[in-house]
Amino acid sequence: MPVGLFRVCLLVITAIVNHPLFFPKENGTVPENTEEIIQKMKEREESLRLEQLRLEQEIADQEATQKALEKAAVVVEESKEEKVRWDMWTALSMVIFLLIELWRQDFQEGNWQDIGGEEDDMAVLGKAFKGVAFPDKAVLASFYEKRILGTTGDMARMREMVEGFADDLLEALRSVCNRDADMEVEDCMGVGSMYENWRVRKPFVCDLIVPFAPPEPYCFHCQSWCSGDSFPPDEQGYGTIKVCRADEDVTGCICDKTKLGEDMLCLLHSQVSSTRPSSEMEDLLCFKNTQYLDADQVMKWFQIAVTKAWNRISHKYEFDLSFSLLDSPGALKIKFKSGKSIAFNLTPVVQYENSDVYFISHFPRSSLAADIPSSTHWFLTFAVYERRFIQLVSKTLPANACHVSCLQILSFLHGKQCSLTGPSGLTNYHLKTVLLHLLQARPSQDWAPEKLEACLQDMLKFLEKCLHEKKLYHFFIGNGKVPAELGFPIIFQRAEPLNLFRPFVLRRDIYRKTVDTFHEMLRNMSALINEYTVHIPLAHTNGIRKESL
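Residues numbered from 1 in each chain as written. Predicted model: local features only at pLDDT ≥ 70, side-chain atom pairs only at ≥ 80, totals over all residues. Heavy atoms only, no water.

A.B. asks: Could you clarify how one ought to interpret the overall build of the protein in this entry?
C.D. replies: A count of helical and extended segments in the protein gives 17 helices and 12 strands. The burial tally for the protein puts 40% of its 549 residues in the buried class. For the protein, contacts bridging at least 24 residues in sequence account for 73% of all contacts bridging at least 6. Roughly 32,000 Å² of accessible area belongs to the protein as shown, and the carbon and sulfur atoms make up 56% of that amount. (Helix = DSSP H or I, 4+ residues; strand = E, 2+ residues; numbered from the N terminus. Buried < 20%, exposed > 50% of the residue type's maximum accessible area, 1.4 Å probe, protein only. Contact = heavy atoms within 4.5 Å. Areas by Shrake-Rupley, 256 points an atom, 1.4 Å probe, with all protein chains shown as cover.)

A.B. asks: Is there a simple way to think about the packing of helix H4 (residues 137-148) against helix H11 (residues 403-421) in this case?
C.D. replies: In a pair of packed helices, the angle between the axes and the distance between the axes together describe the arrangement. Direction vectors running N to C along H4 and H11 enclose 75°, while the axes themselves pass 11 Å from each other. Our classification of the angle between H4 and H11 gives roughly perpendicular. In this structure, H4 uses Leu140, Phe143, Tyr144, Arg147 and Ile148 to contact H11, whose residues at the interface are Ser405, Gln408, Ile409 and Phe412. Looking at the contact of H4 with H11 residue by residue, the classes come out as 6 nonpolar, 2 polar and 1 charged. (Axes fitted to C-alpha atoms, helices over the stretch in contact; angles between N-to-C directions. Parallel < 35°, antiparallel > 145°, perpendicular 65-115°, else oblique. Nonpolar A, V, L, I, M, F, W, Y, C, P; charged D, E, K, R; others polar.)

A.B. asks: It is not clear to me how the pattern of salt bridges should be interpreted in this structure. Could you clarify?
C.D. replies: Pairs may arise between side chains of opposite charge once their charged atoms sit close together. Throughout the structure, instances matching the rule amount to 16 salt bridges. Ionic pairing is found between Arg54 and Glu58, a salt bridge with its closest N-O pair at 2.5 Å. With Arg54 and Glu58 both in helix H2 (residues 30-111) and 4 residues apart, this pair spans about one turn of that helix. You can call Arg54 partly exposed: its relative accessible area is 38%. In this structure, Asp509 and Arg507 form a salt bridge, with 3.4 Å as the shortest nitrogen-oxygen distance. (Salt bridge = Lys/Arg side-chain N within 4 Å of Asp/Glu carboxyl O.)

A.B. asks: Looking at this structure, I do not really get H11. What am I missing?
C.D. replies: With 19 residues, H11 ought to run about 27 Å at 1.5 Å a step, and its terminal C-alpha atoms sit 27 Å apart, in line with that. Taking burial as the measure, the 19 residues of H11 include 15 buried ones, the bulk of the element. Looking one or two places after H11, you find Gly422, whose phi comes out positive at around 100°. (Expected span 1.5 Å × (residues − 1).)

A.B. asks: Before we go on, may I ask you to explain the UniProt feature "coiled-coil region" (unreviewed entry) in the protein in this structure?
C.D. replies: Mapped onto this structure's residue numbering, the UniProt feature "coiled-coil region" (unreviewed entry) falls at residues 38-72. In this annotation, residues 38-72 is assigned 100% helix and 0% strand; the end-to-end C-alpha distance for the span is 50 Å. (UniProt positions renumbered as here; feature names shortened; annotations may be inferred.)

A.B. asks: Where do I start with the packing of aromatic side chains in this structure?
C.D. replies: Evaluation of the coordinates by the stated rule reveals 28 aromatic pairs. Centre to centre, the rings of Phe382 and Phe492 are 5.3 Å apart; their planes meet at 85°, and the pair counts as edge-to-face. Pair noted here: Phe382 is in the loop between strand E11 (378-381) and helix H10 (383-394) and Phe492 is in helix H14 (residues 490-493), with a separation of 110 residues, a long-range link. The residues Phe382 and Phe492 share a single accessibility class, namely buried. Among the aromatic side chains, those forming a connected cluster through ring pairs are Trp225, Tyr352, Phe359, Phe382, Tyr385, Phe389, Phe475, Phe476, Phe488 and Phe492. Sitting over the face of the ring of Tyr195, Arg159 holds its NZ or CZ atom 5.9 Å from the ring centroid. (Phe/Tyr/Trp six-rings, centres within 6.5 Å; stacked < 30°, edge-to-face > 60°. Lys NZ or Arg CZ within 6 Å of the ring centre and 35° of its normal.)

A.B. asks: Please clarify how a nonpolar patch on the surface should be interpreted in this entry.
C.D. replies: Where nonpolar side chains cluster on the molecular surface, the patch consists of Met88, Trp89, Leu92, Ile96 and Ile100 and spans about 520 Å² of accessible area. Structurally, Leu92 can be placed in helix H2. (Patch = residues over 30% accessible without salt bridge, like charges linked within 9 Å, V, L, I, M, F, W, Y side chains within 5 Å.)

A.B. asks: Is there a simple way to explain the confidence of the model for the protein in this structure?
C.D. replies: Atom-level detail of predicted coordinates should not be read off regions where pLDDT is low. Overall, the predicted model of the protein reaches an average pLDDT of 79, with 74% of residues at or above 70. Mean pLDDT in the protein bottoms out at strand E12 (residues 545-546), which sits at 36, and peaks at helix H12 (residues 428-441), which reaches 96. Across residues 256-260 the pLDDT falls below 50, and counting only partners more than four positions away or on other chains, this stretch makes 4 contacts in the model. (pLDDT = per-residue confidence, 0-100.)

A.B. asks: Hey, could you run me through the nonpolar core in this one?
C.D. replies: Looking at soluble globular proteins, one finds that nonpolar side chains tend to be buried together. Counting 116 residues, the largest nonpolar core has Leu169, Leu293 and Phe344 as the members making the most contacts within it. Membership of the second largest hydrophobic core comes to 7 residues, among which are Val191, Ile209, Ile360 and Val384. (Core = buried A, V, L, I, M, F, W, Y, C linked by side-chain atoms within 4.5 Å.)

A.B. asks: Help me out: how do you make sense of unusual backbone geometry in this one?
C.D. replies: A negative phi angle characterises most non-glycine residues, just as the trans form characterises most peptide bonds. Here the bond from Lys202 into Pro203 is cis, since omega is 5°, no more than 30 degrees from zero. On the secondary structure map, Pro203 appears in the loop between helix H6 (193-196) and strand E4 (205-213). Residue Pro217 is bonded to the preceding Glu216 through a cis peptide linkage, with omega at 10°. Inspection of the secondary structure assignment puts Pro217 in the loop between E4 and strand E5 (218-224). A positive phi angle, near 60°, is found at Asn289, a position not held by glycine. Position of Asn289 relative to the elements: it lies in the loop between helix H8 (278-283) and helix H9 (295-313). By relative accessible area, which is 62% here, Asn289 ends up exposed. In this model, Glu353 sits at a positive phi of 50°, which is unusual for a non-glycine residue.

A.B. asks: What am I meant to see in the packing of H11 against H12 here?
C.D. replies: Running from N to C, H11 and H12 cross one another at 155°; their axes reach a closest spacing of 10 Å. Here H12 runs roughly antiparallel to H11, going by the angle between their axes. Read as a crossing pair, H11 and H12 show a hand that is right-handed. Residues His403, Leu407, Leu410, Ser411 and His414 of H11 form the contact with H12, whose own contacting residues are Asn428, Leu431, Lys432, Leu435 and Leu439. Of the residues that constitute the contact of H11 with H12, the class distribution is 5 nonpolar, 4 polar and 1 charged. (Left-handed = near helix turned anticlockwise from the far one by under 90°.)

What follows is the structure, encoded as structure tokens:
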């Protein structure tokens with residue numbers, strides 16, 4: 001108990017002693033210190049507020065920067081996605097373009113001549129035929145019998161006479177030539193319309209080609225535009241002929257293509273063997289300082305040789321022989337004392353390898369054809385295969401088929417129109433090419449004699465379509481459907497198709513003239529045919545009727 005009271009008393013005393021009112025003087029500075037503390041606290045608060053504002057500004061700047069970076073990243077990502085999409089569309093477009101190009105090449109190589117399914121296109125394209133008076137079967141039959149059929153016998157007699165004389169002339173040519181130095185001439189061959197029995201326009205002209213070869217030990221190395229090396233478009237259809245020794249490597253050594261230097265020699269070819277005298281190559285009718293056969297020199301040599309041969313045998317004949325045309329070096333004319341004359345072409349050619357394709361020195365030119373690149377470029381002719389194809393197809397056609405009749409009528413109409421309005425870009429070779437395409441595309445029964453009118457219309461429609469598109473492909477070049485019986489060289493079947501109407505794209509003036517001549521021929525067709533047609537009784541025909549092809 002006493003201990004408890006003592007603890008209470010001690011607690012009370014301690015409380016009284018520590019009360020601040022008992023020491024006023026010692027605690028007199030408390031208010032002043034409080035104001036100072038408050039002031040410092042305010043200053044501290046203000047500094048903290050400013051610091052907070054600064055931090056908030058920095059945070060805002062950082063957030064803005066972050067947003068800008070995020071936005072830039074989004075833009076970059078979108079641009080990458082857009083670029084990826086653009087690259088994808090570009091790649092897809094390229095793929096589509098390549099597929100179209102591949103399809104186009106396949107179409108040209110395999111199906112470009114498949115005309116059988118184009119009857120609807122032909123009907124649409126027949127705008128030029130609207131309102132054209134087209135002769136009927138009876139008028140066409142009468143015209144063919146009166147104007148064309150009678151010329152067949154004349155052609156046969158003329159061919160026989162020209163071939164006999166040409167053989168005699170070439171035999172004399174061989175006798176006047178130096179067998180050890182001059183070219184060796186072979187037997188001639190007849191080609192063209194006279195030997196395919198569709199020539200109708202007078203004067204009749206026989207076309208004969210004469211293959212020749214170099215003397216031993218030389219040989220010809222022929223190279224066509226489709227043999228591998230790149231040829232410009234204007235040289236398609238041409239080739240070159242290199243004169244080589246039989247034991248020479250025609251591919252050539254590297255020493256011929258590279259300058260070895262003065263102190264280096266080829267181990268395979270000495271300087272003596274690799275360099276031939278210029279005069280020796282000129283004697284072989286090569287272009288100056290080259291080994292390539294020159295067509296101009298060949299024709300000069302051939303003209304001189306023919307002149308010598310004629311001088312040797314002229315006493316056997318009662319007519320004169322002369323060169324008739326300056327622009328056709330092989331054009332010859334026989335002049336009888338009665339005043340009559342016979343013209344024929346005797347043209348030297350070079351055989352392409354072991355085929356019946358020939359390099360021809362000079363080819364009849366038309367206003368459509370471009371200039372020959374040079375005299376070392378020789379044109380390739382497929383005339384022998386064309387004649388064989390017509391003969392082969394004729395065996396499968398009905399008796400008295402109208403295919404030759406159609407070509408004769410069309411050739412007559414075009415020639416007659418050109419005599420009235422002047423020459424055009426179309427030639428008889430173009431008309432024959434149209435027939436060759438249709439012979440391959442149409443069934444055999446479509447060429448029955450009673451279908452002459454329909455077949456003639458088909459040829460005109462197809463020709464109009466080709467003129468409209470400026471595309472008429474060579475029948476043999478690029479045609480994979482050539483009958484195997486012909487033995488046609490595969491290299492030309494695999495070649496890119498050759499457009500015979502390509503010059504129309506480059507020469508719009510000739511194209512316009514050709515189209516105008518074609519349309520004028522259609523309008524004058526009935527008048528041209530009726531001019532040579534005898535009167536047909538009304539019981540057989542109603543005269544000229546108008547048809548839309």
